[in-house]
Amino acid sequence: DNRDLHSFPTRRSSDLTQYYTDIPRNTVRIHPDESNISECVLVTVPLKSLTYNYGALFIEGDRTCDITTHDLNLLEALCDNAGTHIEQIYYLQMMQESSYVDITTGLLYPSAFYQRIDEEFLKAKEFGTFLTLCLFNIDNYDAFGSLFYNDSTEQAINQVLQIVKKYIKSYYVFGKADSNIFGIGLIGFNLQDAKLWGERLRSDIARTIIEIENKRFNVTLSVGLADNSICKNYQDLVSFSKKALDKSKKKTNSVTVYA
């Protein structure tokens, strides 16, 4: 459709910003369920890096919108920057998925952690033993970001993890289950034993004073537990543990067993 179409070259000639004016009413711009705008103005700007295109930014308004070449140049610079950041996040994710251990915490990355949980689940099923998955997160985890700068936030979290490590034997599986959820595969633990273990850990964390940048404060944990006795596979074990954790997070500073 060449109706009132102006193409502004970006830094790569293969990616063009598209500027449509006076698009008739009822024309589908992006999705059939979108609202109608009479004689719409539409601009699409690619979200790109030097190597890949990651989508586009869509801006629209009625025909009275005055979008200048200067505006388009600013949008293109913004989208180029966004595309570069998207690519950095993408490659960081690829690196983490191919790595085994997070060097800052010494914990397994999620992909490696779940692989080990799967292995231990199959082993427990083969030998008729127990495996309990403990998932926990630090209550008000996001609040650390408002208290400290980046390095100090990591210090506070690492202090908590050092306490947790006192309760972990070398053959337990300890890793990150998500961006702010940590997981422990308790080998040979049934739910009753795991709950007692979790309560001791929760209590120890709650009464410990954390000190960072001359600030002293307490933190608490929310803990969710499930064992392999009612699970068909390790995915069930993870799902049930997350459901238990969600209940604990609503109360904070508590241990919940999935049953």
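Structural data are supplied above this passage.
Residues numbered from 1 in each chain as written. Predicted model: local features only at pLDDT ≥ 70, side-chain atom pairs only at ≥ 80, totals over all residues. Heavy atoms only, no water.

K.L.:
Outline the pattern of salt bridges, listing residues and values.
P.N.:
Following the criterion strictly, the structure yields eight salt bridges and no others. As a salt-bridge pair, Glu120 and Arg116 come within 3.2 Å of each other at their nearest N and O atoms. Taken as a pair, Glu120 and Arg116 lie in helix 2 (residues 110-127) at a separation of four residues, close to a single helical turn. Neither residue differs from the other here; Glu120 and Arg116 are each classed as buried. Glu199 serves as the salt-bridge partner of Arg202, at 3.0 Å between the closest nitrogen and oxygen. Taken as a pair, Arg202 and Glu199 lie in helix 5 (residues 191-207) at a separation of three residues, close to a single helical turn. If you follow the salt bridges from partner to partner, you end up with Arg116, Glu119, Glu120 and Lys123 in one network. (Salt bridge = Lys/Arg side-chain N within 4 Å of Asp/Glu carboxyl O. Helix = DSSP H or I, 4+ residues; strand = E, 2+ residues; numbered from the N terminus. Buried < 20%, exposed > 50% of the residue type's maximum accessible area, 1.4 Å probe, protein only.)

K.L.:
Explain unusual backbone geometry to me, using residue names and the numbers behind them.
P.N.:
Despite not being glycine, Thr252 shows a phi value in the positive range, around 65 degrees. Relative to the helices and strands, Thr252 is located in the loop between helix 6 (234-251) and strand 13 (254-257).

K.L.:
Residue-level account of the packing of helix 2 against helix 6, with values.
P.N.:
Relative orientation of the contacting elements helix 2 and helix 6 amounts to 115 degrees, with a least axis distance of 9 Å. Comparing their axes, helix 6 and helix 2 come out roughly perpendicular. Of the two elements, helix 2 crosses helix 6, and the hand of that crossing is right-handed. Contact with helix 2, carried on its side by Tyr114, Ile117, Asp118 and Phe121, involves Tyr234, Leu237, Val238 and Lys242 of helix 6 and no other residues of that element. (Axes fitted to C-alpha atoms, helices over the stretch in contact; angles between N-to-C directions. Parallel < 35°, antiparallel > 145°, perpendicular 65-115°, else oblique. Left-handed = near helix turned anticlockwise from the far one by under 90°. Contact = heavy atoms within 4.5 Å.)

K.L.:
So, the nonpolar core: which residues are in play, and what are the values?
P.N.:
Residues Phe136, Phe174 and Ile184 are the most contacted members of the largest nonpolar core, which totals 30 residues. Mapped onto this core, the elements with two or more residues apiece are strand 7 (131-138), helix 4 (150-165), strand 9 (182-187), helix 5, strand 10 (209-212) and strand 12 (221-227). At six residues, the largest contribution of residues to this core is made by helix 4. Setting aside residues no more than four positions away along its own chain, Ile184 makes contact with Phe113, Thr132, Leu133, Cys134, Phe136, Val164, Ile168, Tyr172, Val173, Phe174 and Trp197. By size, the runner-up hydrophobic cluster in this structure holds 20 residues, among which are Phe121, Leu135, Ile181 and Val238. (Core = buried A, V, L, I, M, F, W, Y, C linked by side-chain atoms within 4.5 Å.)

Interpretation note: all reported values are geometric properties and have no functional meaning in isolation.
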